[in-house]
Amino acid sequence: MQEPENLEAVSLIRGGAFYRIQELARLIRPNQWNAGRRILAAVLVGWVPLVVLTAMRGSQSAVVGLLKDYRVFARVFIAVPVLIAGQPLIEERFRLIVRHFLDADLLRPEDLPRFRKIVATIRRLKDVWFLELGFVALGCVGGILFVGNDPMYDAPWSIRLAGASVLQSPAGWYFELVTQTIYMILLGLALWKWLLFVVFFWRVSRLQLRLVPCDPDQSGGLGFLGYSPIAFIPVVIAASTAMGSILCYQALHSVFSRQSLNMVLGLWVLLILLIFVGPLAIFGSKLAHLYRVGYLEYGSLSHLHAEQFHEKWVRGRQAHLGELLTAPETTRLIDLARSLDRVRRIKLLPIDRLTIIQVAAASAIPMLPVIMTQIPLADLLKLIMRSVL
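The rules behind each value
- Residues numbered from 1 in each chain as written.
- Predicted model: local features only at pLDDT ≥ 70, side-chain atom pairs only at ≥ 80, totals over all residues.
- Heavy atoms only, no water.
- Helix = DSSP H or I, 4+ residues; strand = E, 2+ residues; numbered from the N terminus.
- Buried < 20%, exposed > 50% of the residue type's maximum accessible area, 1.4 Å probe, protein only.
- Contact = heavy atoms within 4.5 Å.
- Areas by Shrake-Rupley, 256 points an atom, 1.4 Å probe, with all protein chains shown as cover.
- 1 Å grid on protein atoms, 1.4 Å probe; cavity = no way out; pocket = protein on both sides within 12 Å on 5 of 7 lines; lining within 4 Å.
- Points joined across faces, edges and corners; volume = space filled by probe spheres on them.
- Core = buried A, V, L, I, M, F, W, Y, C linked by side-chain atoms within 4.5 Å.

1. Observations concerning the overall build of the chain
If you tally the helices and strands in the chain, you get 16 helices and two strands. Sorting the 389 residues of the chain into buried and exposed places 42% on the buried side. Partitioning the intrachain contacts of the chain with sequence separation of at least 6 by distance along the chain shows that 82% fall at a separation of at least 24. Entry remark: accessible area of the chain is about 20,600 Å², with carbon and sulfur atoms responsible for 64%.

2. Re the side chain of Ser219
In this fold, Ser219 is placed in the loop between helix H8 (170-205) and helix H9 (228-231). Look at Ser219 and you get buried, because its relative accessible area is 1%.

3. Quick word on empty space enclosed by the protein
Under the criterion given, the structure shown has two cavities of 30 Å³ or more. In this structure, the largest cavity spans a volume of roughly 150 Å³. Lining the largest cavity are 14 residues, with Ile13, Gln87, Leu189, Ala190 and Lys193 sitting closest to its centre. Listed by contribution, the elements that provide at least two residues to the lining of the largest cavity are helix H1 (17-24), helix H5 (87-103) and H8.

4. Concerning the nonpolar core
Phe101, Phe115, Phe200 and Leu222 are the most contacted members of the largest nonpolar core, which totals 90 residues. Looking at which element gives the most residues to this core, the answer is H8, with 16 residues. When residues no more than four places from it in sequence are discounted, the contact partners of Phe101 are Leu106, Leu107, Phe115, Phe200, Val204, Leu209, Leu222, Phe224 and Leu225.

Right, here's the structure in full:
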(Lines give C-alpha, C1' and ligand atoms only; values in the text may rest on other atoms or scores of the structure.)
Protein backbone atom coordinates (compact mmCIF):
# COMPACT_ATOMS: atom_id res chain seq x y z
CA MET A 1 0.00 0.00 0.00
CA GLN A 2 1.24 3.47 -0.88
CA GLU A 3 1.82 5.60 2.21
CA PRO A 4 1.83 9.32 2.82
CA GLU A 5 5.21 10.90 2.15
CA ASN A 6 7.44 11.24 5.20
CA LEU A 7 4.83 9.61 7.39
CA GLU A 8 7.37 8.87 10.11
CA ALA A 9 8.19 12.61 10.24
CA VAL A 10 4.60 13.61 11.00
CA SER A 11 4.79 15.72 14.13
CA LEU A 12 2.44 17.89 16.15
CA ILE A 13 5.13 19.22 18.48
CA ARG A 14 8.25 19.83 16.40
CA GLY A 15 7.36 23.08 14.67
CA GLY A 16 5.75 26.43 15.21
CA ALA A 17 7.06 29.69 16.63
CA PHE A 18 7.51 28.60 20.24
CA TYR A 19 9.36 25.43 19.25
CA ARG A 20 11.72 27.47 17.04
CA ILE A 21 12.38 29.85 19.93
CA GLN A 22 13.37 26.92 22.12
CA GLU A 23 15.69 25.69 19.38
CA LEU A 24 17.33 29.10 19.08
CA ALA A 25 17.78 29.16 22.86
CA ARG A 26 19.41 25.70 22.60
CA LEU A 27 16.82 24.22 24.92
CA ILE A 28 15.97 21.58 22.31
CA ARG A 29 18.47 19.72 20.17
CA PRO A 30 17.64 18.06 16.83
CA ASN A 31 15.84 14.72 17.22
CA GLN A 32 15.77 15.09 21.00
CA TRP A 33 13.16 16.20 23.51
CA ASN A 34 15.50 17.51 26.21
CA ALA A 35 12.55 17.56 28.60
CA GLY A 36 14.74 17.72 31.70
CA ARG A 37 16.65 20.73 30.42
CA ARG A 38 13.47 22.60 29.49
CA ILE A 39 11.76 21.78 32.78
CA LEU A 40 14.79 23.01 34.71
CA ALA A 41 14.88 26.25 32.68
CA ALA A 42 11.15 26.86 33.16
CA VAL A 43 11.34 26.22 36.92
CA LEU A 44 14.40 28.44 37.34
CA VAL A 45 12.88 31.32 35.37
CA GLY A 46 9.48 30.99 37.01
CA TRP A 47 10.59 30.38 40.61
CA VAL A 48 14.02 31.75 41.52
CA PRO A 49 13.41 35.44 40.68
CA LEU A 50 10.05 35.17 42.46
CA VAL A 51 11.79 34.06 45.68
CA VAL A 52 14.52 36.69 45.28
CA LEU A 53 12.03 39.54 44.74
CA THR A 54 10.03 38.42 47.78
CA ALA A 55 13.15 38.13 49.95
CA MET A 56 14.30 41.61 48.92
CA ARG A 57 11.33 43.06 50.81
CA GLY A 58 12.99 41.97 54.03
CA SER A 59 9.83 40.31 55.30
CA GLN A 60 10.28 36.78 56.55
CA SER A 61 6.52 36.25 56.69
CA ALA A 62 6.24 37.14 52.98
CA VAL A 63 8.90 34.55 52.06
CA VAL A 64 7.25 31.91 54.21
CA GLY A 65 3.88 32.79 52.66
CA LEU A 66 5.32 32.30 49.17
CA LEU A 67 6.89 28.97 50.07
CA LYS A 68 3.58 27.76 51.52
CA ASP A 69 1.42 29.09 48.67
CA TYR A 70 0.10 25.96 46.96
CA ARG A 71 -1.18 28.03 44.05
CA VAL A 72 2.39 28.93 43.09
CA PHE A 73 3.77 25.47 43.86
CA ALA A 74 1.07 23.80 41.74
CA ARG A 75 2.00 25.81 38.66
CA VAL A 76 5.79 25.90 38.96
CA PHE A 77 6.56 22.42 40.26
CA ILE A 78 3.64 20.32 38.97
CA ALA A 79 1.74 21.86 36.04
CA VAL A 80 4.69 23.24 34.04
CA PRO A 81 6.88 20.09 34.32
CA VAL A 82 3.93 17.83 33.48
CA LEU A 83 3.03 19.90 30.40
CA ILE A 84 6.60 19.73 29.10
CA ALA A 85 7.08 16.05 29.93
CA GLY A 86 3.75 15.18 28.27
CA GLN A 87 4.63 16.57 24.83
CA PRO A 88 6.25 13.34 23.55
CA LEU A 89 3.04 11.46 24.40
CA ILE A 90 1.00 13.78 22.15
CA GLU A 91 3.55 13.22 19.40
CA GLU A 92 3.58 9.45 19.77
CA ARG A 93 -0.21 9.06 19.85
CA PHE A 94 -0.75 11.22 16.77
CA ARG A 95 1.78 9.20 14.78
CA LEU A 96 0.23 5.97 16.00
CA ILE A 97 -3.23 7.05 14.83
CA VAL A 98 -2.00 8.26 11.43
CA ARG A 99 -0.08 5.02 10.92
CA HIS A 100 -2.99 2.81 11.97
CA PHE A 101 -5.31 4.22 9.32
CA LEU A 102 -2.89 2.68 6.81
CA ASP A 103 -1.93 -0.49 8.66
CA ALA A 104 -5.59 -1.41 9.26
CA ASP A 105 -6.47 -0.78 5.60
CA LEU A 106 -9.21 1.65 6.55
CA LEU A 107 -8.65 3.83 3.48
CA ARG A 108 -9.84 3.13 -0.03
CA PRO A 109 -7.08 3.38 -2.67
CA GLU A 110 -8.78 6.40 -4.23
CA ASP A 111 -8.80 8.17 -0.83
CA LEU A 112 -5.07 7.81 -0.18
CA PRO A 113 -4.19 11.08 -1.98
CA ARG A 114 -6.83 12.90 0.08
CA PHE A 115 -5.43 11.37 3.26
CA ARG A 116 -1.95 12.55 2.33
CA LYS A 117 -3.34 16.04 1.80
CA ILE A 118 -5.04 15.96 5.21
CA VAL A 119 -1.77 15.03 6.92
CA ALA A 120 0.07 17.71 4.96
CA THR A 121 -2.56 20.28 5.97
CA ILE A 122 -2.09 19.45 9.65
CA ARG A 123 1.66 19.83 9.27
CA ARG A 124 1.24 23.23 7.60
CA LEU A 125 -1.22 24.44 10.25
CA LYS A 126 1.19 23.38 12.98
CA ASP A 127 3.86 25.65 11.49
CA VAL A 128 1.65 28.74 10.97
CA TRP A 129 3.10 30.97 13.67
CA PHE A 130 0.28 33.53 13.84
CA LEU A 131 -2.38 30.83 14.33
CA GLU A 132 -0.33 29.28 17.12
CA LEU A 133 0.36 32.65 18.71
CA GLY A 134 -3.30 33.69 18.41
CA PHE A 135 -4.53 30.48 20.00
CA VAL A 136 -2.04 30.78 22.86
CA ALA A 137 -3.07 34.42 23.41
CA LEU A 138 -6.73 33.37 23.37
CA GLY A 139 -5.95 30.67 25.93
CA CYS A 140 -4.16 33.17 28.19
CA VAL A 141 -7.06 35.62 28.02
CA GLY A 142 -9.58 32.84 28.58
CA GLY A 143 -7.60 31.57 31.55
CA ILE A 144 -7.53 35.03 33.12
CA LEU A 145 -11.27 35.47 32.62
CA PHE A 146 -12.04 31.94 33.86
CA VAL A 147 -9.82 31.98 36.93
CA GLY A 148 -10.08 35.66 37.74
CA ASN A 149 -8.15 38.80 36.96
CA ASP A 150 -5.72 38.29 39.84
CA PRO A 151 -5.76 34.93 41.64
CA MET A 152 -3.01 36.13 44.02
CA TYR A 153 -4.62 39.45 44.92
CA ASP A 154 -4.65 38.69 48.67
CA ALA A 155 -1.37 36.80 49.06
CA PRO A 156 0.92 38.72 51.47
CA TRP A 157 3.98 38.16 49.27
CA SER A 158 2.23 39.57 46.17
CA ILE A 159 1.07 42.90 47.62
CA ARG A 160 2.66 45.91 49.28
CA LEU A 161 1.18 48.76 51.26
CA ALA A 162 1.61 52.35 50.06
CA GLY A 163 -0.08 54.45 52.70
CA ALA A 164 -3.75 53.51 52.61
CA SER A 165 -3.38 51.85 49.20
CA VAL A 166 -2.69 48.20 48.46
CA LEU A 167 -0.47 47.76 45.41
CA GLN A 168 0.98 44.82 43.57
CA SER A 169 4.47 43.99 44.80
CA PRO A 170 7.39 43.33 42.40
CA ALA A 171 7.03 39.62 43.19
CA GLY A 172 3.30 39.82 42.45
CA TRP A 173 3.98 41.47 39.10
CA TYR A 174 6.65 38.89 38.29
CA PHE A 175 4.27 36.05 39.03
CA GLU A 176 1.57 37.54 36.78
CA LEU A 177 3.87 38.51 33.91
CA VAL A 178 6.36 35.62 33.91
CA THR A 179 5.52 32.64 36.14
CA GLN A 180 1.84 32.50 35.27
CA THR A 181 2.57 33.30 31.62
CA ILE A 182 4.95 30.33 31.28
CA TYR A 183 2.18 28.04 32.48
CA MET A 184 -0.47 29.62 30.28
CA ILE A 185 1.75 29.48 27.17
CA LEU A 186 2.43 25.77 27.69
CA LEU A 187 -1.25 25.11 28.33
CA GLY A 188 -2.26 27.14 25.28
CA LEU A 189 0.23 25.23 23.11
CA ALA A 190 -1.18 21.93 24.33
CA LEU A 191 -4.72 23.04 23.53
CA TRP A 192 -3.55 24.15 20.08
CA LYS A 193 -2.27 20.61 19.48
CA TRP A 194 -5.63 19.30 20.67
CA LEU A 195 -7.36 21.53 18.12
CA LEU A 196 -5.13 20.07 15.39
CA PHE A 197 -6.25 16.61 16.51
CA VAL A 198 -9.87 17.73 16.13
CA VAL A 199 -9.25 19.18 12.66
CA PHE A 200 -7.58 15.92 11.62
CA PHE A 201 -10.53 13.87 12.90
CA TRP A 202 -13.05 16.10 11.15
CA ARG A 203 -11.24 15.93 7.80
CA VAL A 204 -10.73 12.15 7.99
CA SER A 205 -14.37 11.58 8.98
CA ARG A 206 -15.35 12.99 5.55
CA LEU A 207 -13.56 10.13 3.78
CA GLN A 208 -15.34 6.94 2.77
CA LEU A 209 -13.63 4.74 5.34
CA ARG A 210 -13.67 0.97 4.99
CA LEU A 211 -15.50 0.15 8.20
CA VAL A 212 -16.76 -3.31 9.14
CA PRO A 213 -19.97 -3.57 11.20
CA CYS A 214 -18.89 -6.73 13.07
CA ASP A 215 -15.41 -5.49 13.97
CA PRO A 216 -14.50 -6.73 17.48
CA ASP A 217 -13.73 -3.18 18.68
CA GLN A 218 -17.48 -2.38 18.35
CA SER A 219 -16.59 0.78 16.43
CA GLY A 220 -16.29 -0.58 12.89
CA GLY A 221 -12.50 -0.54 13.19
CA LEU A 222 -12.20 2.97 14.66
CA GLY A 223 -11.72 1.86 18.26
CA PHE A 224 -8.05 2.88 18.12
CA LEU A 225 -9.17 6.53 18.04
CA GLY A 226 -9.95 6.10 21.72
CA TYR A 227 -6.20 6.38 22.29
CA SER A 228 -6.31 10.09 21.44
CA PRO A 229 -7.67 11.37 24.81
CA ILE A 230 -4.86 9.47 26.57
CA ALA A 231 -2.38 11.71 24.76
CA PHE A 232 -3.74 14.70 26.67
CA ILE A 233 -3.90 13.20 30.15
CA PRO A 234 -0.78 15.20 31.19
CA VAL A 235 -2.59 18.35 30.00
CA VAL A 236 -5.64 17.37 32.06
CA ILE A 237 -3.47 16.75 35.14
CA ALA A 238 -1.69 20.10 34.74
CA ALA A 239 -4.87 22.12 34.22
CA SER A 240 -6.68 20.31 37.05
CA THR A 241 -3.76 20.87 39.41
CA ALA A 242 -3.73 24.61 38.72
CA MET A 243 -7.50 24.85 39.01
CA GLY A 244 -7.50 22.72 42.14
CA SER A 245 -4.93 24.99 43.80
CA ILE A 246 -7.22 28.00 43.37
CA LEU A 247 -10.33 26.12 44.51
CA CYS A 248 -8.41 24.79 47.51
CA TYR A 249 -7.42 28.30 48.57
CA GLN A 250 -10.95 29.59 48.11
CA ALA A 251 -12.42 26.65 50.00
CA LEU A 252 -10.05 27.24 52.92
CA HIS A 253 -11.21 30.85 53.05
CA SER A 254 -14.90 29.87 52.90
CA VAL A 255 -15.51 31.33 49.44
CA PHE A 256 -17.42 28.15 48.51
CA SER A 257 -19.98 26.20 50.46
CA ARG A 258 -19.55 22.43 50.43
CA GLN A 259 -22.53 22.00 48.10
CA SER A 260 -21.37 24.60 45.60
CA LEU A 261 -17.82 23.24 45.72
CA ASN A 262 -19.07 19.75 44.86
CA MET A 263 -20.97 21.25 41.94
CA VAL A 264 -17.87 23.06 40.68
CA LEU A 265 -15.80 19.87 40.88
CA GLY A 266 -18.44 17.89 39.02
CA LEU A 267 -18.72 20.54 36.31
CA TRP A 268 -14.95 20.61 35.94
CA VAL A 269 -14.74 16.84 35.33
CA LEU A 270 -17.64 17.10 32.88
CA LEU A 271 -15.94 19.97 31.04
CA ILE A 272 -12.70 17.98 30.71
CA LEU A 273 -14.59 15.01 29.27
CA LEU A 274 -16.43 17.22 26.80
CA ILE A 275 -13.19 18.83 25.62
CA PHE A 276 -11.00 15.75 25.26
CA VAL A 277 -13.51 12.94 24.66
CA GLY A 278 -16.31 14.91 22.97
CA PRO A 279 -14.50 15.42 19.61
CA LEU A 280 -14.72 11.68 18.95
CA ALA A 281 -18.45 12.29 18.39
CA ILE A 282 -17.35 13.61 14.98
CA PHE A 283 -17.49 9.98 13.86
CA GLY A 284 -20.91 9.44 15.44
CA SER A 285 -22.95 9.90 12.26
CA LYS A 286 -20.68 7.54 10.33
CA LEU A 287 -20.98 4.88 13.04
CA ALA A 288 -24.75 5.37 13.26
CA HIS A 289 -24.98 4.77 9.51
CA LEU A 290 -22.74 1.72 9.86
CA TYR A 291 -25.07 0.36 12.55
CA ARG A 292 -28.20 0.83 10.44
CA VAL A 293 -26.73 -0.72 7.30
CA GLY A 294 -24.85 -3.45 9.16
CA TYR A 295 -27.87 -4.52 11.17
CA LEU A 296 -29.91 -4.99 7.99
CA GLU A 297 -27.13 -6.76 6.11
CA TYR A 298 -26.10 -9.11 8.90
CA GLY A 299 -29.72 -9.57 9.93
CA SER A 300 -30.60 -10.73 6.42
CA LEU A 301 -27.60 -13.06 6.28
CA SER A 302 -28.40 -14.50 9.71
CA HIS A 303 -32.03 -15.03 8.74
CA LEU A 304 -31.13 -16.87 5.51
CA HIS A 305 -28.71 -19.13 7.33
CA ALA A 306 -31.17 -19.72 10.17
CA GLU A 307 -33.89 -20.56 7.66
CA GLN A 308 -31.69 -23.16 5.96
CA PHE A 309 -30.64 -24.53 9.34
CA HIS A 310 -34.27 -24.83 10.36
CA GLU A 311 -35.23 -26.61 7.14
CA LYS A 312 -32.39 -29.12 7.43
CA TRP A 313 -32.20 -29.80 11.15
CA VAL A 314 -35.74 -29.22 12.38
CA ARG A 315 -38.02 -30.17 9.53
CA GLY A 316 -35.72 -32.63 7.76
CA ARG A 317 -33.55 -33.88 10.58
CA GLN A 318 -34.51 -37.55 10.08
CA ALA A 319 -32.55 -37.59 6.85
CA HIS A 320 -29.42 -36.13 8.47
CA LEU A 321 -29.25 -37.71 11.93
CA GLY A 322 -26.00 -39.48 11.10
CA GLU A 323 -24.13 -36.22 10.54
CA LEU A 324 -25.65 -34.28 13.44
CA LEU A 325 -22.54 -34.26 15.63
CA THR A 326 -20.17 -33.24 12.82
CA ALA A 327 -22.39 -30.79 10.96
CA PRO A 328 -20.69 -27.38 10.42
CA GLU A 329 -24.01 -25.53 10.21
CA THR A 330 -24.36 -25.29 13.99
CA THR A 331 -20.98 -23.57 14.40
CA ARG A 332 -21.71 -21.22 11.53
CA LEU A 333 -25.06 -20.31 13.01
CA ILE A 334 -23.37 -19.47 16.35
CA ASP A 335 -20.70 -17.42 14.57
CA LEU A 336 -23.35 -15.45 12.68
CA ALA A 337 -25.26 -14.83 15.89
CA ARG A 338 -22.07 -13.47 17.47
CA SER A 339 -21.45 -11.23 14.47
CA LEU A 340 -24.98 -9.86 14.63
CA ASP A 341 -24.56 -9.27 18.36
CA ARG A 342 -21.41 -7.26 17.64
CA VAL A 343 -23.36 -5.15 15.18
CA ARG A 344 -25.99 -4.49 17.84
CA ARG A 345 -23.21 -3.29 20.18
CA ILE A 346 -21.70 -0.71 17.83
CA LYS A 347 -20.78 2.39 19.85
CA LEU A 348 -21.48 5.84 18.48
CA LEU A 349 -18.42 7.09 20.35
CA PRO A 350 -15.26 5.13 19.44
CA ILE A 351 -13.85 4.90 22.95
CA ASP A 352 -13.92 2.37 25.75
CA ARG A 353 -15.03 2.87 29.33
CA LEU A 354 -11.51 2.49 30.72
CA THR A 355 -10.25 5.51 28.76
CA ILE A 356 -13.15 7.63 29.98
CA ILE A 357 -12.37 6.58 33.55
CA GLN A 358 -8.68 7.45 33.07
CA VAL A 359 -9.47 10.94 31.75
CA ALA A 360 -12.02 11.54 34.51
CA ALA A 361 -9.55 10.32 37.14
CA ALA A 362 -6.83 12.59 35.73
CA SER A 363 -9.17 15.56 36.19
CA ALA A 364 -10.43 14.50 39.63
CA ILE A 365 -7.31 13.27 41.47
CA PRO A 366 -5.54 16.68 41.41
CA MET A 367 -8.66 18.01 43.14
CA LEU A 368 -8.02 15.89 46.26
CA PRO A 369 -6.56 18.87 48.16
CA VAL A 370 -9.86 20.67 47.54
CA ILE A 371 -11.89 17.70 48.75
CA MET A 372 -9.70 17.41 51.85
CA THR A 373 -10.66 20.92 52.86
CA GLN A 374 -14.22 19.65 53.28
CA ILE A 375 -13.62 16.03 54.31
CA PRO A 376 -10.88 15.02 56.79
CA LEU A 377 -8.20 12.75 55.34
CA ALA A 378 -9.11 9.83 57.61
CA ASP A 379 -12.78 10.02 56.61
CA LEU A 380 -11.79 10.36 52.94
CA LEU A 381 -9.62 7.23 53.10
CA LYS A 382 -12.45 5.30 54.77
CA LEU A 383 -14.84 6.44 52.05
CA ILE A 384 -12.42 5.33 49.32
CA MET A 385 -11.83 1.94 50.96
CA ARG A 386 -15.57 1.35 51.28
CA SER A 387 -16.03 2.20 47.62
CA VAL A 388 -13.24 -0.14 46.52
CA LEU A 389 -13.98 -3.04 48.85
